[in-house]
Amino acid sequence: MAPSLHPLIDNGITPGSSSFSGGKLHCRCASDQVEVTLNSNVAHNHACGCSKCWKPSGSLFSIVGVVPRDAVSVTANASKLSIVDKEATIQRNACKDCGVHLFGRIEKDHPFKGLDFVHVELSDEKGWQEPQFAGFVSSIIEQGSHPKEMDEAVGLQTYDVLSPVLMDLISTFTAQKSGIRFANL
Ligand SMILES: N[C@@H](CCC(=O)N[C@@H](CSCO)C(=O)NCC(=O)O)C(=O)O
Ligand SMILES: [Zn+2]
Ligand SMILES: [Zn+2]
């Protein structure tokens with residue numbers, strides 16, 4: 001049987017709503033759930049094959065998107081949150097009890113600083129932006145998947161890092177940091 005890529009993409013992708021403006025995320029504890037309120041839809045939502053992003057058990061990919069950090073607030077049980085790896089670029093705040101990642105924040109100088117990484121499957125609301133691409137696809141081999149499994153039909157454009165739009169953003173940031181100034185950006 002083919003492995004589950006992720007429940008949000010295994011049986012086709014449901015389009016989000018352009019008028020949707022956010023909702024609440026909950027961890028998976030049976031009680032005293034951590035609640036995070038997002039006052040924005042996500043952008044650049046994508047399937048991520050990396051080993052660091054939270055994924056449901058049995059799935060090869062995480063689904064992760066970004067929201068402005070000003071649109072993120074912890075509205076219940078914040079004391080259950082702990083940063084998974086303080087050295088990582090993305091500081092992933094996870095529930096200490098169930099392990100779910102509620103939001104990932106970047107504090108260092110970085111092109112994506114100001115954006116928090118979130119998993120919309122933790123919300124009961126409908127209308128979140130659908131996954132736009134699959135990134136870090138070859139990273140699933142590092143985690144034990146046979147290289148041939150990478151050829152599974154994901155139903156999304158696949159990349160071994162991020163999409164060209166996001167890679168261009170990162171490269172533009174890097175160039176500007178080194179003193180290069182582009183006209184007409
Ligand atoms: N092969 C590694 C890749 C890990 C990685 O670089 N992940 C990316 C994408 S996460 C969401 O798109 C990243 O930016 N990580 C920064 C961080 O995790 O702090 C692996 O699989 O572990
Ligand atoms: Zn929990
Ligand atoms: Zn990732």
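Everything numeric in this text was worked out from a predicted model, so none of it was measured. (Residues numbered from 1 in each chain as written. Chains lettered and ligands numbered in written order. Predicted model: local features only at pLDDT ≥ 70, side-chain atom pairs only at ≥ 80, totals over all residues. Heavy atoms only, no water.)

Caption draft 1: Local environment of a nonpolar patch on the surface. A contiguous nonpolar patch, built from Ile-180, Phe-182 and Leu-185 and spanning about 330 Å² of accessible area, is present on the exposed surface. Relative to the elements of secondary structure, Leu-185 occurs in the segment after α3 (164-177). (Patch = residues over 30% accessible without salt bridge, like charges linked within 9 Å, V, L, I, M, F, W, Y side chains within 5 Å. Areas by Shrake-Rupley, 256 points an atom, 1.4 Å probe, with all protein chains shown as cover. Salt bridge = Lys/Arg side-chain N within 4 Å of Asp/Glu carboxyl O. Helix = DSSP H or I, 4+ residues; strand = E, 2+ residues; numbered from the N terminus.)

Caption draft 2: Inspection of the coordination of the zinc ion (ligand 3) at higher detail. Looking at the metal site, the zinc ion (ligand 3) is ligated by Cys-48 (SG), Cys-50 (SG) and Cys-53 (SG), spaced 2.2 to 2.3 Å from it. One can describe the donor arrangement at the zinc ion (ligand 3) as tetrahedral, given that its 4 donor atoms subtend angles of 93 to 127 degrees at the metal. (Donors = N, O, S within 2.8 Å, 3.2 Å for Na, K, Ca; no water. Tetrahedral: all angles 85-135°; square planar, octahedral: opposite > 155°, others 65-115°.)

Caption draft 3: Spotlight on the site of ligand 1. By nearness alone, 14 residues border ligand 1, and His-46, Ser-51, Ile-90, Arg-92 and Glu-142 come closest of all. Here Ile-90 contributes a backbone N or O atom positioned 2.8 Å from an oxygen atom of ligand 1. Here a nitrogen atom of ligand 1 and a side-chain polar atom of Glu-142 are 2.9 Å apart. Contact with the protein chains removes 79% of the 540 Å² of surface that ligand 1 exposes when unbound. Breaking the shell around ligand 1 down by element, the ones donating at least two residues are β3 (43-48) and α2 (139-142). (Near = heavy atom within 4 Å. Polar contact = N/O pair within 3.5 Å; in protein donor to acceptor, adjacent residues only side chain to side chain.)

Caption draft 4: Examining the nonpolar core more closely. Of all hydrophobic cores here, the largest spans 20 residues; its most connected members are Leu-25, Cys-27, Val-36, Leu-38, Leu-102, Phe-103 and Val-118. Counting only elements with at least two residues in this core, the list comes to β2 (35-38) and β8 (101-105). The contacts of Val-118, once residues within four sequence positions are left out, are Leu-25, Leu-38, Val-42, Ile-63, Val-64, Gly-65, Val-67, Leu-102 and Phe-103. Of all hydrophobic cores here, the second largest spans 12 residues; its members include Cys-50, Cys-53, Phe-133 and Leu-166. (Core = buried A, V, L, I, M, F, W, Y, C linked by side-chain atoms within 4.5 Å. Buried < 20%, exposed > 50% of the residue type's maximum accessible area, 1.4 Å probe, protein only. Contact = heavy atoms within 4.5 Å.)

Caption draft 5: Spotlight on the sheet that holds β2. Strand order across the open sheet formed by 3 strands is β1-β2-β5, with antiparallel pairing between neighbours. Two strands bound the open sheet, and with one partner strand each, they are β1 (23-26) and β5 (72-76). Between one strand and the next, the sheet's axes are offset by a mean angle of 30 degrees, whatever the strand orientation. (Pairing = 2+ DSSP bridges. Axes fitted to C-alpha atoms, helices over the stretch in contact; angles between N-to-C directions.)

Caption draft 6: Looking closely at the coordination of the zinc ion (ligand 2). The zinc ion (ligand 2) binds to the protein through Cys-27 (SG), Cys-29 (SG), Cys-95 (SG) and Cys-98 (SG), with metal-donor distances spanning 2.3 to 2.4 Å. In this structure, the zinc ion (ligand 2) is surrounded by 4 donor atoms whose angles at the metal cover 105 to 116 degrees, and the resulting shape is tetrahedral. As a motif over one chain, the donors of the zinc ion (ligand 2) read C-x1-C-x65-C-x2-C. Note that Cys-29 is positioned in the loop between β1 and β2 and Cys-98 in the loop between β7 (91-95) and β8, a separation of 69 residues in sequence. Take Cys-29: its relative accessible area is 10%, and that puts it in the buried class.

Caption draft 7: Structural detail: the confidence of the model for the protein. Per-residue pLDDT for the protein has a mean of 95; in total, 97% of the residues score no lower than 70. Mean pLDDT per element in the protein: α2 is the minimum at 92, and β7 is the maximum at 99. Two summary scores accompany this predicted model of the complex, namely pTM at 0.95 and ipTM at 0.97. (pLDDT = per-residue confidence, 0-100.)

Caption draft 8: How the structure looks around the pattern of salt bridges. This structure, assessed with the given rule, holds 5 salt bridges. Among the ionic pairs, Arg-105 bridges to Asp-116, the shortest N-O distance being 2.6 Å. You can see Arg-105 sitting in strand β8 and its partner Asp-116 sitting in strand β9 (residues 115-118), a full 11 residues away along the chain. Asp-116 shares its class with Arg-105; the two are buried.

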